[in-house]
Amino acid sequence: MGAMKHPSSLSWCSIAAPIVIATLLAGPARAGTRLYVTAEDGNEVVVVDADSAEVAGRIPVGKRPRGIKLSRDGKHLFVALSGSPKAAPGADESKLPAADREADGVAMIDIATGKVVRTYRSGQDPESFDFSLNGKQLYVSNEETAEMTVLDLASGKAIRRVPIGSEPEGVTVRPDGKFVYVTSEQQNEVVAVDTRSFTVAGRMATGPRPRSVVFSKDGKTAFATCENGAVVTVLDGAKHKVTGSIPIEAKAKTVLGPRPMGGVLAPDGKLVYISNGRGESIAVIDIATRKVVHLIDGVGARPWGIGVSADGKRLFTANGPSQDVSIIKAESGEVVKRVKVGGSPWGLAVATTP
């Protein structure tokens, strides 16, 4: 061990940098829109001021942060963490580094202080999650154990585990809170789980590799993004049945074409915005007609996490390979700014402070 330096010999920068970051994150955020972006390779959440288009801070959270959501009361941010090694689909698991199961969990961040205040044990390799209607439970997809964990937030205990199918990922609660839909990537299904009995109420066949689910405001319709089929499967949210399919057709040429990944509902409930991964675009779907009415090209390299401003005027995407976040005018599709965040951005949550 080297000799300890006297405080007076330390440079100002070496002690000031963490203080500056803490100052940026401490206290209530100023009025406006902030984005919270998981940096999967950076083991942190990057805070972006969407109005100034600048990075406002960074919050260390743990290994491989991916799924991210604001609590229902808006006071906390939850982030899924994984100790499983990062690998492409179909990779030979025998050649991967050993998993760090102690790193698995869901971190809870206090929005006011910008600090992790608790990390929940939420099953092996958590990827995505959603909250119960009363905000007291968390429904978590555990990719490697093919199940959904029901986590009681007060006690921190897993109270149920529901078998889903191979590689569960997207988790979305129906607006009335009575059912939660979970995607199974390998079995090409969306599974409906009753949130009172925690029994499976239905299994719906989708296009190849379903990633996420978005419900209409009334909960009658759900849209499942299917990465390997360039389609969005339409589901009956009451009967848990498939009612149709919406193809995503490319305008601009990309190597792989549209790869539907994330989705978000417009604030007025009339449109669904779908991020198209390596298709580098966003599909705009009209809920009434169930058709793509617009395709926004040139968003970024593999947009995955997607969000919308409270007034519906701006869209935001987390673009992994290009290491940035795009800020886009929803009506025109103009990409007004791309903010470098680093760390292979994955998920994105939007918070608005009045």
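Residues numbered from 1 in each chain as written. Predicted model: local features only at pLDDT ≥ 70, side-chain atom pairs only at ≥ 80, totals over all residues. Heavy atoms only, no water.

A few words now on the overall build of the protein. Helix and strand counts for the protein come out as 1 helix and 28 strands. Relative to the compact-globule value of 20 Å for 354 residues, the protein shows a C-alpha radius of gyration of 20 Å, a close match. Projected onto its principal axes, the C-alpha coordinates of the protein cover approximately 70 × 45 × 45 Å. Restricting the contact set of the protein to residue pairs at least 6 apart, pairs at least 24 apart contribute 43%. (Helix = DSSP H or I, 4+ residues; strand = E, 2+ residues; numbered from the N terminus. Rg over C-alpha atoms; globule rule 2.2 N^0.38 Å. Contact = heavy atoms within 4.5 Å.)

Taken as a whole and judged by the stated rule, the model has 6 aromatic pairs. Both rings, one in Phe78 and one in Tyr120, keep their centres 6.3 Å apart while their planes meet at 20°; by these two values the pair is stacked. Linking Phe78 in strand E5 (residues 76-81) with Tyr120 in strand E7 (residues 115-120), this pair joins segments that are 42 residues apart in sequence. Phe78 gets classed as buried once you look at its relative accessible area, which sits at 3%. Each residue in the set Phe78, Tyr120, Phe129 and Phe131 is aromatic and connected to the rest through ring pairs, giving one cluster. One residue, Lys69, lies across the ring of Phe129, its end atom 5.6 Å from the ring centre. Across from the ring centre of Phe179, 6.0 Å away, lies the NZ or CZ of Arg196, which sits over that ring. (Phe/Tyr/Trp six-rings, centres within 6.5 Å; stacked < 30°, edge-to-face > 60°. Buried < 20%, exposed > 50% of the residue type's maximum accessible area, 1.4 Å probe, protein only. Lys NZ or Arg CZ within 6 Å of the ring centre and 35° of its normal.)

With that settled, the discussion passes to the environment of Glu280. Secondary-structure assignment places Glu280 in the loop between strand E21 (271-275) and strand E22 (281-286). For Glu280, a relative accessible area of 33% corresponds to the partly exposed category. A C-alpha to C-alpha distance of 6.2 Å links Glu280 and Pro303, two positions 23 residues apart in sequence. Ignoring sequence-local partners within four residues, the contact set of Glu280 consists of Thr254, Ile296, Asp297, Gly298, Val299, Gly300, Ala301, Arg302 and Pro303.

Note that strand E2 (residues 44-49) and strand E3 (residues 54-60) share 6 bridges and pair antiparallel. Within E3, the position partnered with Val45 by the bridge is Ile59. What sits between E2 and E3 in their antiparallel hairpin is a turn of 4 residues, with Ala53 showing a positive phi close to 55°. (Pairing = 2+ DSSP bridges.)

Looking at the element boundaries, Ser322 is found in the loop between strand E25 (314-319) and strand E26 (324-329). Ser322 sits 22 residues away from Ser344 along the chain, and the two C-alpha atoms are 7.7 Å apart. Beyond its immediate sequence surroundings of up to four residues, Ser322 is in contact with Gly300, Ala301, Arg338 and Lys340.

Another aspect to go through is the side chain of Glu44. When you line up the elements, Glu44 lands in strand E2. Excluding residues that lie within four positions of it along the chain, Glu44 makes contacts with Val37, Thr38, Ala39, Arg58, Ile59, Pro60, Val61 and Pro65.

Under the counting rule described, the total for this entry stands at 25 salt bridges. The salt bridge partner of Glu40 is Arg64, with a shortest N-O separation of 2.6 Å. Of the two residues, Glu40 is situated in the loop between strand E1 (32-39) and E2 and Arg64 in the loop between E3 and strand E4 (68-70); the sequence distance between them amounts to 24 residues. Residue classification places Glu40 among the buried residues on the basis of a relative accessible area of 5%. (Salt bridge = Lys/Arg side-chain N within 4 Å of Asp/Glu carboxyl O.)

For the rest of this paragraph, the subject is the sheet that holds E25. Either a parallel or an antiparallel arrangement is found when strands of a sheet pair, and the pairing is made through backbone hydrogen bonds. Spatially, the 4 strands line up as an open sheet ordered E24-E25-E26-E27, and their pairing is antiparallel. A strand with exactly one partner marks an edge of an open sheet, and here the two such strands are strand E24 (303-308) and strand E27 (335-340). Neighbour-to-neighbour, the strand axes of this sheet turn through a mean angle of 20°, independent of strand direction. Pairing between E25 and E26: 6 bridges, direction antiparallel. (Axes fitted to C-alpha atoms, helices over the stretch in contact; angles between N-to-C directions.)

With that out of the way, let us pick up the confidence of the model for the protein. Summarising the model, the protein shows a mean pLDDT of 91, and 90% of its residues fall at 70 or more. Counted against residues more than four places away or in other chains, residues 1-28, with its pLDDT under 50, gives 18 contacts. (pLDDT = per-residue confidence, 0-100.)

What follows is about the sheet that holds E21. Reading across the sheet, the 4 strands line up as E20-E21-E22-E23 and stay open at both edges, with antiparallel pairing between neighbours. In the strand order of this sheet, the two ends are held by strand E20 (263-265) and strand E23 (291-297), each with one partner. Taken pair by pair, the neighbouring strands of this sheet meet at an average axis angle of 20°, ignoring direction. Pairing of E22 with E23 involves 6 bridges; the strand directions are antiparallel. Among the inter-strand pairings, Asp286 is bridged to a residue of E23, identified as Lys291.

Here we take up unusual backbone geometry. Notably, Phe198 is not glycine yet its phi reads approximately 55°, a positive angle. Locating Phe198 in the fold gives a position in the loop between strand E14 (189-194) and strand E15 (200-205). In this model, Arg302 sits at a positive phi of 55°, which is unusual for a non-glycine residue. Relative to the helices and strands, Arg302 resides in the loop between E23 and E24.

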